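# Architecture and fold: a report
The chain contents come next:
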Amino acid sequence: MVQLHSTTINLSPTVRENVTALLNQRVGLFTDLFVQTKLAHWNVRGRHFIAYHELFDSIASHILNAQDMLAERAATLGGSAGMTVQDVGQKSTLPVWSMTVRQDTHVIRLLQERLGHVANEIRHDIDTTAQWGDADTTDLFTEVSRQLDKDLWFLEAHLDV
Ligand SMILES: [Fe+2]
């Protein structure tokens, strides 16, 4: 169970524990998604290399920003923030990145699958935290969800040729 620090935030300890645990799961998921997006950024090859290379880096920066906001919300609620790389390896629900895939369309499909998975998980978290009565975390998940959906659009537009 999460060890909470004291705070004057008037959400119940149970809500703060549940929300902090969920946030930290997502911090771990975003850690994995960030590394996988960087692997796409570094390894992609093809006729439009520079466009893909730059797009993937832009998405990676959004992922890093989201990860930071989620971790800081966990700290705000009085919990420990984040997880170790070893825990990320054990707990991430993303498929392992294929280091042999480099062709641009294949790389985009791998990224689409992973970003889509995370986007849909976060959409579910919007409803979960609303039910728990933490409107601020719901708002944060909504902001993160909106950016993930937009990045998914940017990826999927490349597949529609
Ligand atoms: Fe780079």
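Per an unreviewed UniProt entry, the protein chain goes by the name DNA starvation/stationary phase protection protein Dps and belongs to Sulfobacillus benefaciens.

What follows is about the overall build of the protein chain. Along the protein chain, the regular secondary structure elements total five helices and zero strands. When the helices and strands of the protein chain are listed from N to C terminus, the series reads α-α-α-α-α. For a compact globule of 161 residues, the expected C-alpha radius of gyration is about 15 Å, and the protein chain comes in at 17 Å, within 12% of that figure. Referenced to the eigenvectors of the C-alpha coordinate spread, the extents of the protein chain come out at roughly 55 × 30 × 20 Å.

Let us now look at the packing of helix H1 (residues 13-43) against helix H2 (residues 49-76). Contact geometry of H1 with H2 gives a least axis separation of 9 Å together with a crossing angle of 165°. Between H1 and H2, the crossing angle belongs to the class labelled roughly antiparallel. Of the two elements, H1 crosses H2, and the hand of that crossing is left-handed. Looking at the contact of H1 with H2 residue by residue, the class counts come to 15 nonpolar, seven polar and four charged.

The end-to-end C-alpha distance of helix H4 (residues 104-132), which contains 29 residues, comes to 42 Å, matching closely the 42 Å that a straight helix rising 1.5 Å per residue would cover. Positioned one or two residues after H4, Gly 133 has a phi angle of 85°, which is positive.

A separate point is the packing of aromatic side chains. Applying the stated criterion to the full structure yields two aromatic pairs. Ring geometry for Tyr 52 against Phe 56: centres 6.2 Å apart, planes inclined by 25°, an arrangement best described as stacked. Of the two residues, Tyr 52 and Phe 56 both sit in helix H2, four residues apart, roughly one turn of that helix. In this structure, Tyr 52 and Phe 56 share a single accessibility class: buried.

On to the packing of H2 against H4, then. The interhelical angle for the contact between H2 and H4, taken along N-to-C directions, is 15°, at an axis separation of 12 Å. Considered as vectors, H2 and H4 are oriented roughly parallel to each other. Pair H2 / H4 crosses with left-handed handedness. Residue-level inspection shows Tyr 52, Phe 56, Ile 59 and Ile 63 of H2 in contact with H4, the latter providing Asp 104, Val 107, Ile 108, Leu 111 and Leu 115. Of the residues belonging to the contact of H2 with H4, the class tally is eight nonpolar, no polar and one charged.

With respect to the helices, strands and loops of the structure, Ala 71 is situated in helix H2. Taking relative accessible area as the criterion, Ala 71 reaches 15% and is therefore assigned buried. Residues Ala 71 and Val 27 lie 44 residues apart in sequence; the distance between their C-alpha atoms is 6.2 Å. Setting aside residues no more than four positions away along its own chain, Ala 71 makes contact with Val 27 and Ala 81.

Now for the nonpolar core. Ranked by size, the top nonpolar core spans 40 residues in total, and within it Phe 30, Phe 56 and Leu 148 carry the most contacts. Contributing elements (two or more residues each) for this core: H1, H2, H4 and helix H5 (135-157). When residues of this core are assigned to their parent elements, the largest contribution, 10 residues, is made by H1. With residues near it in sequence (within four places) discarded, Phe 30 still touches Ile 63, Ala 66, Gln 67, Leu 70, Val 118, Ile 122, Val 144 and Leu 148.

This part takes up the pattern of salt bridges. Think of it this way: side chains of opposite charge can pair up when their charged atoms draw near. In total, this model carries six salt bridges according to the counting rule given. In this structure, Arg 26 engages Glu 121 in a salt bridge whose closest nitrogen and oxygen atoms are separated by 3.4 Å. Of this pair, Arg 26 sits in helix H1 while Glu 121 is found in helix H4, placing the two residues 95 residues apart along the sequence. Given a relative accessible area of 27%, Glu 121 falls into the partly exposed group.

Conventions we followed
Residues numbered from 1 in each chain as written. Predicted model: local features only at pLDDT ≥ 70, side-chain atom pairs only at ≥ 80, totals over all residues. Heavy atoms only, no water. Helix = DSSP H or I, 4+ residues; strand = E, 2+ residues; numbered from the N terminus. Rg over C-alpha atoms; globule rule 2.2 N^0.38 Å. Axes fitted to C-alpha atoms, helices over the stretch in contact; angles between N-to-C directions. Parallel < 35°, antiparallel > 145°, perpendicular 65-115°, else oblique. Left-handed = near helix turned anticlockwise from the far one by under 90°. Nonpolar A, V, L, I, M, F, W, Y, C, P; charged D, E, K, R; others polar. Expected span 1.5 Å × (residues − 1). Phe/Tyr/Trp six-rings, centres within 6.5 Å; stacked < 30°, edge-to-face > 60°. Buried < 20%, exposed > 50% of the residue type's maximum accessible area, 1.4 Å probe, protein only. Contact = heavy atoms within 4.5 Å. Core = buried A, V, L, I, M, F, W, Y, C linked by side-chain atoms within 4.5 Å. Salt bridge = Lys/Arg side-chain N within 4 Å of Asp/Glu carboxyl O.

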